[in-house]
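Coordinate analysis (summary)
Chain by chain, the residues:
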Amino acid sequence: MYSLNVPVPGGIERLAATLHPRLVGFDRVRERHTLVCKRFETPDPDPDRLFERARRALAGAPAVEARAAGIAWFETPVRGPGPVAYVAIESPGLHDLHRRLVAAFDPIPDLEGDAYVPHVTLARGGSAERARELVAVEFEPIEWTISELVLHDGRHGERVASLSLPRPS
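Structure report, in brief. Everything quoted here is computed from the prediction, not taken from an experiment. Just so you know, the residues in each chain are numbered from 1, in the order the chain's sequence is written. Only residues with pLDDT of 70 or above have their local features reported here, since the model is predicted, and side-chain atom pairs are shown and tallied only from 80 upward, although totals for entire chains, interfaces and linings are computed over all residues. Based on all heavy atoms of the structure, the side-chain values leave hydrogens and waters out of the count.

**Section: the sheet that holds strand 1 (residues 2-6)**
For clarity, the cut-off: Two strands form a pair only when DSSP identifies at least two bridges running between them. Counting from the N terminus, the helices are DSSP H or I runs at least four residues long and the strands are E runs at least two residues long. Axis definition: a line fit to C-alpha positions, over the contact stretch in the case of helices; interaxial angles, taken between N-to-C directions, run 0 to 180 degrees. Contact between two residues is taken to exist if any of their heavy atoms lie within 4.5 Å; hydrogens are not considered.
Pairing in this open sheet of 4 strands is antiparallel, and the strands run 3-1-8-9 from one edge to the other. Across the chains shown, the open sheet's two edge strands, defined by having one partner strand only, are strand 3 (35-40) and strand 9 (158-164). Each adjacent strand pair in this sheet contributes to an overall mean axis angle of 25 degrees, direction not counted. Where strand 1 lies against strand 8 (residues 148-153), 4 bridges are found, and the strand directions are antiparallel. Residue pairing across strands places Tyr 2 opposite Asp 153, the latter belonging to strand 8. Sheet strands in contact with helix 2 (residues 47-57) are strand 1, strand 3, strand 8 and strand 9, and its direction is about 25 degrees off that of strand 9. Along the sheet, helix 3 (residues 92-104) makes contact with strand 1, strand 3 and strand 8, crossing strand 3 at roughly 5 degrees.

**Digging into the packing of helix 2 against helix 3**
This is how the line gets drawn: Here the angle decides the label: under 35 degrees means roughly parallel, over 145 means roughly antiparallel, 65 to 115 means roughly perpendicular, and every other value means oblique. Crossing handedness follows the turn of the near helix against the far one: under a right angle anticlockwise gives a left-handed crossing, and clockwise gives a right-handed one. Only Asp, Glu, Lys and Arg are considered charged in this grouping, and only Ala, Val, Leu, Ile, Met, Phe, Trp, Tyr, Cys and Pro are considered nonpolar; every other residue, Gly among them, is considered polar.
At a minimum axis separation of 9 Å, helix 2 and helix 3 run at an interaxial angle of 125 degrees. One element, helix 2, and the other, helix 3, form an angle in the oblique class. Pair helix 2 / helix 3 crosses with right-handed handedness. Of the residues in helix 3, those in contact with Arg 53, Ala 54 and Ala 57 of helix 2 are Arg 100, Leu 101 and Ala 104. Its residues assigned to classes, the contact of helix 2 with helix 3 shows 4 nonpolar, no polar and 2 charged.

What follows is the structure, encoded as structure tokens:
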């Protein structure tokens with residue numbers, strides 16, 4: 001499966017490292033952090049064609065602002081075991097990019113379109129109590145400009161291509 005991801009800023013990586021002692025009670029702690037803009041579930045896609053379609057769908061799209069200001073959780077995620085503790089990302093611009101991609105590619109039911117929740121997963125599985133405790137953690141907001149999206153090959157765990165989003169003049 002391929003996805004178009006936002007590179008996660010160093011501030012979120014540092015936050016995850018700081019939270020690590022609180023995450024060890026979960027079944028799985030994420031070591032690699034991702035922020036998905038759009039997933040692609042097409043049978044054996046050609047990554048070059050996939051990337052070209054995504055590039056056309058986002059033609060003229062500018063860089064967008066994003067902000068991480070809190071931790072939240074999904075009690076019962078659409079896929080995989082719950083709960084899922086995550087860093088919540090606020091970004092109307094990222095929602096706009098997602099909508100453009102969903103218009104060009106089929107949305108994944110219950111996960112994309114109106115159900116899209118931009119987030120960076122920290123950990124999953126384990127007790128809901130542990131997830132609720134994380135929500136109470138406060139941190140200085142992390143703000144950044146999303147000026148690049150990366151086509152990621154989930155099967156091989158590698159970056160395939162990147163797409164620059166121009167900063168407004």
